[in-house]
Amino acid sequence: MRQRINSNKSGEEKENKSGEEKENTENNIEYRNEIENKKIIKKRSEILFLYDISDNNPNGDPLEENRPRIDETGINIVTDVRFKRTIRDYLHDYRNQEIFIREVRKNDGKLKTKEERLTDLKINSKYDLLVACIDMRAFGCTIAIEGKSINFTGPVQFKYGHSLHKVSNKFVKGVTVMPSKEKKQQGTFTEDNKLPYSLIKFYGVINENVAKETMLSEEDVELLLDGIWNGTKNLISRSKVGQIPRLLLKINYKEKNYHIGDLDNYNMIKISSNVPEEEIKDISQIRLDITGLIYKLSKYNGKIENIEFKIDDQIKFIYEGQEKTFEDCLANVQVPTKTINLKD
């Protein structure tokens, strides 16, 4: 009798497993069909992005009363989470792209849960989520909900952003116009922490192997670059107004599974200024020495397919001790180059 019960249980398990395999196979077929209709990224790229901000807070630390993040050496830090939030918001608000990781509120003002968001988007499988949401294809996700878990490693990964110079925190006090309580006759005091200036560098990699799994396409990457540049410029909030994109560089490689790496090293791009680092207040007081970066790219130019770039016309560059245009500096790498054309 015991053997018979085990036999039936085994049969049920096989039947359940067969049903799961069938469902997975059907999903995989749909997944492959989606891939065939898109130009999926097939080679690796590296990204360097520089932007600055004046008299504001690029990324407050909630554990430190929202003060700007500054490490023990005086360098300003911006998290990759803040950076990706900028990109996500821009793609949703300005480019009509569906974004999964964002705040969506119900009629009562409460935030929708992950489960409610999945229902709204009619997501029945992880493949549906990839097809629907560009941030899932680019950055991946980890979603744990009752009865299931969705986990993707994103093909686009950014390190923390760091300022190219030491910064100083400016503590500012103010007074609000309206009183805080009915009986008070004057406004309440306010406190703000801001940086007079910070020129921030972000570095990232686009991994072609993971891009195949998440269906990240060439069109998606074009939108990503748009989000990096114009998302930074269009982040107009009280603490972020005044952010200006200065340099965007995308190095595309000939081979799979290869990138130079370490392009965010301190020696790649250096600040040159006639004023002390903490006293810099404007991009006009800075020149960027990119000699190290050009040397590095030149050393491995045989591996590079091309370099795409976009620059702000106010930024000045130095190569081997002389001020030059960025195009003249880049010519020393001896690889094809092209400008990144973005919609305004």
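A. Representation of the pairing of strand β5 (residues 140-145) within the structure. Pairing of β5 with strand β6 (residues 148-153) involves six bridges; the strand directions are antiparallel. Of the residues in β6, the one forming a bridge with Gly140 is Thr153. Count of turn residues in the β5/β6 antiparallel hairpin: two residues, of which Gly147 carries a positive phi of about 90°.

B. How the structure looks around the sheet that holds strand β12 (residues 270-272). A sheet is described by the order of its strands in space; here four strands give the open sequence β12-β13-β15-β16, paired in mixed fashion. The sheet is open, and its two borders are formed by β12 and β16 (322-324), each paired with just one other strand. Within this sheet the neighbouring strands show an average axis-to-axis angle of 40°, counted without direction.

C. Molecular detail of the confidence of the model for the chain. Chain-level statistics for the chain give a pLDDT mean of 87 and a share of 82% at 70 or above. Throughout residues 1-10 the model reports pLDDT below 50, and contacts reaching past four residues in sequence, or to other chains, amount to zero contacts. Confidence drops under a pLDDT of 50 for residues 12-22, and excluding neighbours within four residues, the segment shows zero contacts in the predicted structure.

D. Structural view of unusual backbone geometry. The backbone of Asp55 shows a phi angle near 50°, a positive value even though the residue is not glycine. Residue placement: Asp55 occurs in strand β1 (residues 45-56). Here Asp55 falls in the partly exposed class, since its relative accessible area comes to 40%. The residue Asn96 is not glycine, and still its phi comes out positive at about 55°. With respect to the helices and strands, Asn96 occurs in the loop between α2 (80-93) and α3 (114-120).

E. Expanded view of the packing of aromatic side chains. Per the counting criterion, the structure on display carries 10 aromatic pairs. Ring plane angle 80° and centroid distance 4.9 Å describe the contact between Phe83 and Phe158, whose orientation is recorded as edge-to-face. Here Phe158 lies in strand β7 (residues 156-158) and Phe83 lies in helix α2, a separation of 75 residues in the sequence. Looking at Phe158, the relative accessible area reads 8%, which means it is buried. An aromatic cluster of three or more residues is present, and its members are Phe49, Tyr51, Phe83, Phe158, Phe202 and Trp229. The ring of Tyr258 carries Lys303 above its face, with NZ or CZ at 5.1 Å from the centroid.

F. How the structure looks around the nonpolar core. Judged by nonpolar contacts, the single largest core of 36 residues is most densely connected at Leu263, Ile269, Leu288, Ile290, Leu293, Leu297 and Ile307. Counting residues per element, the ones that place at least two in this core are β1, β10 (189-206), β11 (244-253), α8 (291-299), β14 (304-311), β15 (317-319) and α9 (326-331). Residues within four places of Leu288 in sequence aside, it is in contact with Leu50, Leu164, Leu199, Ile269, Lys270, Ile271, Ile315, Lys316, Phe317 and Ile318. In terms of nonpolar packing, the next biggest core, distinct from the first, is built from 29 residues, Ile47, Val78, Tyr90 and Ile200 among them.

The rules behind the values
Residues numbered from 1 in each chain as written. Predicted model: local features only at pLDDT ≥ 70, side-chain atom pairs only at ≥ 80, totals over all residues. Heavy atoms only, no water. Pairing = 2+ DSSP bridges. Helix = DSSP H or I, 4+ residues; strand = E, 2+ residues; numbered from the N terminus. Axes fitted to C-alpha atoms, helices over the stretch in contact; angles between N-to-C directions. pLDDT = per-residue confidence, 0-100. Contact = heavy atoms within 4.5 Å. Buried < 20%, exposed > 50% of the residue type's maximum accessible area, 1.4 Å probe, protein only. Phe/Tyr/Trp six-rings, centres within 6.5 Å; stacked < 30°, edge-to-face > 60°. Lys NZ or Arg CZ within 6 Å of the ring centre and 35° of its normal. Core = buried A, V, L, I, M, F, W, Y, C linked by side-chain atoms within 4.5 Å.

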